[in-house]
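Chain by chain, the residues run as shown.
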Amino acid sequence: SQKIEQNSEALNIQEGKTATLTCNYTNYSPAYLQWYRQDPGRGPVFLLLIRENEKEKRKERLKVTFDTTLKQSLFHITASQPADSATYLCALGRQTGANNLFFGTGTRLTVIP
Amino acid sequence: GAGVSQSPSNKVTEKGKDVELRCDPISGHTALYWYRQSLGQGLEFLIYFQGNSAPDKSGLPSDRFSAERTGGSVSTLTIQRTQQEDSAVYLCASSLNGGRAAYNEQFFGPGTRLTVL
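Novice: How would you summarise the overall build of chain B if you had to cite specific residues and measurements?
Specialist: Looking only at helices and strands, chain B features 0 helices and 10 strands. From first element to last, N terminus to C terminus, chain B shows the α and β order β-β-β-β-β-β-β-β-β-β. What you see for chain B is a C-alpha radius of gyration of 14 Å, in line with the 13 Å of a compact globule of 117 residues. Counting only C-alpha atoms and orienting by the principal axes, one finds that chain B spans roughly 40 × 30 × 30 Å. Relative to its 117 residues, chain B shows a buried fraction of 48%. Computed over 11 positive and 11 negative side-chain charges, the separation of the two mean positions in chain B equals 1 Å.

Novice: So what's going on with the sheet that holds strand 6 (residues 65-69) of chain B? Residues and values would help.
Specialist: Residues and elements named next belong to chain B. Strand order in the open sheet formed by 4 strands is 1-3-7-6, with antiparallel pairing between adjacent strands. Both edges of this open sheet fall to strand 1 (5-7) and strand 6, since each of them pairs with a single strand only. Neighbour-to-neighbour, the strand axes of the sheet open up by a mean angle of 15°, direction not taken into account. Alignment of strand 3 (residues 19-24) against strand 7 (residues 75-79), held across 5 bridges, turns out to be antiparallel. The partner of R22 across the bridge, within strand 7, is T76.

Novice: Just give me the short version of the sheet that holds strand 7 (residues 62-67) of chain A, but keep the residues and values in it.
Specialist: Residue and element names in this part refer to chain A. If you trace the 5 strands from one edge of the open sheet to the other, you get 1-3-8-7-6, paired in antiparallel fashion. Looking at strand neighbours, the two that pair on one side only are strand 1 (3-6) and strand 6 (56-59), the edges of this open sheet. Sheet twist, expressed as the mean angle between neighbouring strand axes with direction ignored, is 15°. Relative to strand 7, strand 6 is paired through 4 bridges, and the arrangement is antiparallel.

Novice: Can you tell me about the packing of aromatic side chains, naming the residues and giving the values?
Specialist: Evaluated as defined, the whole model comprises 13 aromatic pairs over all chains. An angle of 55° between the planes, with centres 5.7 Å apart, marks the rings of Y36 of chain A and F103 of chain A as tilted. Remark: F103 of chain A occurs in strand 10 (residues 101-103) and Y36 of chain A occurs in strand 4 (residues 32-38); sequence separation between them is 67 residues. Each of the two residues, Y36 of chain A as well as F103 of chain A, counts as buried. Summarising the aromatic geometry, the rings of Y33 of chain B and Y48 of chain B are spaced 5.0 Å apart at their centres and angled 20° between planes, so their arrangement reads as stacked. Note that Y33 of chain B is positioned in strand 4 (residues 31-37) and Y48 of chain B in strand 5 (residues 43-50), a separation of 15 residues in sequence. Each member of the pair, Y33 of chain B as well as Y48 of chain B, carries the same accessibility label: buried.

Novice: With reference to specific residues and values, describe the layout of surface pockets.
Specialist: Approximately 910 Å³ is the volume attributed to the largest pocket. In this structure, the largest pocket is lined by 35 residues; those nearest its centre are Q38 of chain A together with Q37, S38, L39 and G40 of chain B. Residue contributions to the lining of the largest pocket peak at 4 residues, all from strand 10 (residues 112-116) of chain B. Across the lining of the largest pocket, the residue classes break down as 10 nonpolar, 19 polar and 6 charged. Computed from the structure, the second largest pocket encloses a volume of approximately 350 Å³. Split by residue class, the lining of the second largest pocket holds 5 nonpolar, 7 polar and 3 charged.

Novice: So what's going on with the pattern of salt bridges? Residues and values would help.
Specialist: Two side chains that carry opposite charge are able to pair once their charged atoms sit near each other. Residues and elements named next belong to chain B. Enumeration according to the criterion identifies 8 salt bridges over all chains in this entry. We note a salt bridge from R36 to E44, for which the minimum N-O separation is 2.8 Å. Under the relative-accessibility criterion, R36 is labelled buried at 11%.

Novice: An account of the pairing of strand 10 of chain B is needed here, citing residue identities and associated values.
Specialist: Residue and element names in this part refer to chain B. Side chains of strand 10 alternate between two faces, with T112, L114 and V116 buried and R113 and T115 left unburied. Direction of pairing for strand 2 (residues 10-13) relative to strand 10: parallel, over a ladder of 4 bridges. Its bridge partner lying in strand 10, V12 is registered against T115. Sheet analysis places strand 8 (residues 88-95) next to strand 10, joined by 3 bridges and oriented antiparallel. Opposite Y90, over in strand 10, you have T112 as the bridge partner.

Parameters at a glance
- Counting from 1, residues in each chain are numbered in the order their sequence is written.
- The naming scheme follows written order: chains are lettered A onward, ligands numbered 1 onward.
- Totals for whole chains, interfaces and linings use every residue, but because this is a predicted model, local features are given only for residues with pLDDT of at least 70 and side-chain atom pairs only at 80 or more, for both listing and counting.
- The side-chain numbers reported here are obtained from all heavy atoms of the structure, hydrogens and water having been left aside.
- In this description a helix means any DSSP run of H or I spanning at least four residues, a strand means any run of E spanning at least two, and both kinds are numbered starting from the N terminus.
- The quantity called the radius of gyration is restricted to C-alpha atoms. Its globule counterpart is 2.2 Å times the number of residues to the power 0.38.
- Throughout, exposure labels follow a simple rule: accessible area from a 1.4 Å probe, protein chains only, divided by the maximum for the residue type, with under 20% read as buried, over 50% as exposed, and the rest as partly exposed.
- For the charge count, each Lys or Arg is scored as positive and each Asp or Glu as negative, with His and the chain ends excluded.
- Lys charges are placed at NZ, Arg charges at CZ, Asp charges at CG and Glu charges at CD.
- Should DSSP find at least two bridges between two strands, the strands are taken to pair.
- Note on geometry: axes are C-alpha line fits, over the in-contact stretch for helices, and angles between N-to-C directions span 0 to 180 degrees.
- Here is the rule: rings of Phe, Tyr and Trp (six-membered ring for Trp) pair when centre to centre is within 6.5 Å. Planes less than 30 degrees apart are stacked, more than 60 are edge-to-face, and the remainder are tilted.
- Residues are said to line a cavity or pocket when one of their atoms sits within 4 Å of a point; the points come from a 1 Å grid over protein atoms alone, cavities being sets where a 1.4 Å probe fits but cannot get out and pockets being open sets with protein on both sides within 12 Å along at least five of seven lines.
- Grid points are joined across faces, edges and corners, and a volume is the space filled by probe spheres set on the points.
- When residues are sorted by character, Ala, Val, Leu, Ile, Met, Phe, Trp, Tyr, Cys and Pro go into the nonpolar class, Asp, Glu, Lys and Arg into the charged class, and all the rest, Gly among them, into the polar class.
- Put simply, a salt bridge is a Lys or Arg side-chain nitrogen that is within 4 Å of an Asp or Glu carboxyl oxygen.

Here it is in structure tokens:
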């Protein structure tokens, strides 16, 4: 079965630095990959989507890369702020079948002022 | 406009009881998904509805779990004879449509925290 791993449970960085989160997957060929943000007690909120034929996507201070050879996606937050502190989830979408997502366990990011 | 809403926000029940969890998707969204999130685990897919098509139930963990979606809108997830391992946050999401061509983002509700004693 597919396996989705996010590099670490928790990541602490200093305000202003770039946070880099990793999502690795095995036994899977996703059609696309999404990143979500989840705050405590809330549902995930969509941030970015990248398709299998795309290498990089940007949105404001966010950047996502997708390497289907390495089976890896990197999620970057530049000029990080304490308000960026949250859990970030990567999610893979299928090539065929239903449109449900397969989620990683998430990385809890803390940006220290 | 209103987002996805779920009720109740919290539910405590005794082992062996049945529970019903409700989801109101965003108006006009044809696709609806149920996931559950256990402590320290990722979101686990349970069931997916797309329009009037038969639901994809491939993620339901046992026959104690069932879901329906009435009128293409509100959905109810039912867990019969609850067990302690059913304790989790149950999340509902909707998207504009389920077609992969659109790669629709999913809009999540706040979840229902279920505790089975």
